[in-house]
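# Examination of the molecular architecture
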Amino acid sequence: MKNTVILILFISMQFSFAQRSFTFEGTEIPAATKAHFKIPVEYSGEFTFIPVTVFNGAKTGETLGITAGVHGYEYPPILGAQRLIKSIDPKNLKGTVILVQVANLNSFLNRKSFMKPEDDENLNRVFPGEKDGNLSEQIAYYISNSIINRVDYFLDMHAGDAAEDLMSYGAYYRNANMPEISATGKRMALALGFDHIVTFNTDGKDYMKMDSPSLYTSAEAFKRGIPSIDIECGRLGVADIQAAEQVEQAVLGLLQELDFTSNSKEATQNTVNIIIDRTYAESSVSGIFYPLKKAGDYVIKGMKVGYITDFFGNIKETVYAEANGLLLLILGTPPVNKGETLSVIGQFEQ
């Protein structure tokens, strides 16, 4: 009798840890399996779809949402997401991962930096979207209400597009009124393994108001009370395989930190620099930009970082660093339009 009780207890414990099937788009995904989905989107005769993979782990746990390709010309996160399809093993997973490989597929296929040719929208400026809006608005609405609303943690992955010389970093959302969620986001960002972490301080931001659009993909998640982080990895629209591998390893490290997977290796103790503020510089003229610095350089306020000429070689604007700090991004190609971002300088935590 005693052995029978012990056996029943053991079986009960097994079932309590076993993952149940996960329902997505009306499909039951059994435990320890993955499933691929093509989510159709249509507007005024224009069609696209959102490729999504759902990994349902062998054990019960929380849910992580990941988006890549919100900007279709940012290749390393998209290639990193393709690698994750194989490197995330649902048999060794606790909980569920919902991975959007290419959120903005038409932008990707048409080699467009930000804007979708069908609706001239920047997908990362239309969240939470509209159910019956244009293609971008519908994609944002779907991600907001069919993915973000189901997750406990959220990651959006970006890179420098064709015009952007950008250094790689992780980032997290912070708000003074959300200390626990902010602290979890910081822990997540640190787990990515980048040398630099940028703090997205949302205090006083209009997009955090309940009656204002959140605009950004991960801001929509954070606004809903979900710990949210970003990856920026890759530059100048290059399909850099090393950057794609770095994205893949960053996500696998995050899964370990959040207890979705077991720790397979000892964590390395890297020195991480926390960036608490950013200074943007915009062009006051259109013309040809000549950068004198590159992303990752440390600059001093007043230092010359580039100049802009007209189309006859005459200098129209000299660009100076507007703060001390790390050059997170600088325009890396010659064309420049009035009002475009020329550089972003990050200031360190003291």
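Structure: see above.
## A look at the packing of helix α5 (residues 179-191) against helix α7 (residues 241-257)
- One way to put it is that α5 packs onto α7 with a least axis distance of 8 Å and a crossing angle of 135 degrees. Classed by the angle they form, the pair α5 and α7 counts as oblique. Remark: the crossing between α5 and α7 carries right-handed chirality. Residues R187, M188 and A191 of α5 pack against A250, G253, L254 and E257 of α7.
- Residue composition of the contact of α5 with α7, by class: 4 nonpolar, 1 polar and 2 charged.

## A look at the packing of helix α2 (residues 75-87) against α7
- Between α2 and α7, the least distance of the axes is 8 Å, while the angle of their chain directions is 55 degrees. Classified by the angle between their axes, α2 and α7 sit oblique to one another. When the axes of α2 and α7 are compared, the crossing they make is right-handed. Residues P76, P77, L79, G80, R83, L84 and S87 of α2 form the contact with α7, whose participating residues are I241, A243, A244, E245, V247, E248, V251 and L252.

## Some remarks on the sheet that holds strand β18 (residues 335-336)
- Taken in spatial order, the 4 strands line up as β16-β15-β13-β18 in an open sheet, and their pairing is antiparallel. Each of the sheet's edge strands pairs with one partner strand only, and the pair in question is β16 (315-320) and β18.
- Taken together, the 4 bridges between strand β13 (residues 287-291) and strand β15 (residues 304-309) define a ladder with antiparallel strand orientation. Looking at the pairing, P291 lines up with G306 of β15.

## Description of the packing of aromatic side chains
- Under the counting rule described, the total for this entry stands at 9 aromatic pairs.
- When the centroid spacing of 4.9 Å and the interplanar angle of 65 degrees are considered together, the rings of F24 and F37 count as edge-to-face. Within this pair, whereas F24 is found in strand β1 (residues 22-24), its partner F37 is found in strand β3 (residues 33-43), the two being separated by 13 residues in sequence.
- Residue classification places F37 among the buried residues on the basis of a relative accessible area of 11%.
- Taken together, the ring pairs in this structure connect Y73, Y75 and F108 into an aromatic cluster.

Cut-offs used in this document
Residues numbered from 1 in each chain as written. Predicted model: local features only at pLDDT ≥ 70, side-chain atom pairs only at ≥ 80, totals over all residues. Heavy atoms only, no water. Axes fitted to C-alpha atoms, helices over the stretch in contact; angles between N-to-C directions. Helix = DSSP H or I, 4+ residues; strand = E, 2+ residues; numbered from the N terminus. Parallel < 35°, antiparallel > 145°, perpendicular 65-115°, else oblique. Left-handed = near helix turned anticlockwise from the far one by under 90°. Contact = heavy atoms within 4.5 Å. Nonpolar A, V, L, I, M, F, W, Y, C, P; charged D, E, K, R; others polar. Pairing = 2+ DSSP bridges. Phe/Tyr/Trp six-rings, centres within 6.5 Å; stacked < 30°, edge-to-face > 60°. Buried < 20%, exposed > 50% of the residue type's maximum accessible area, 1.4 Å probe, protein only.

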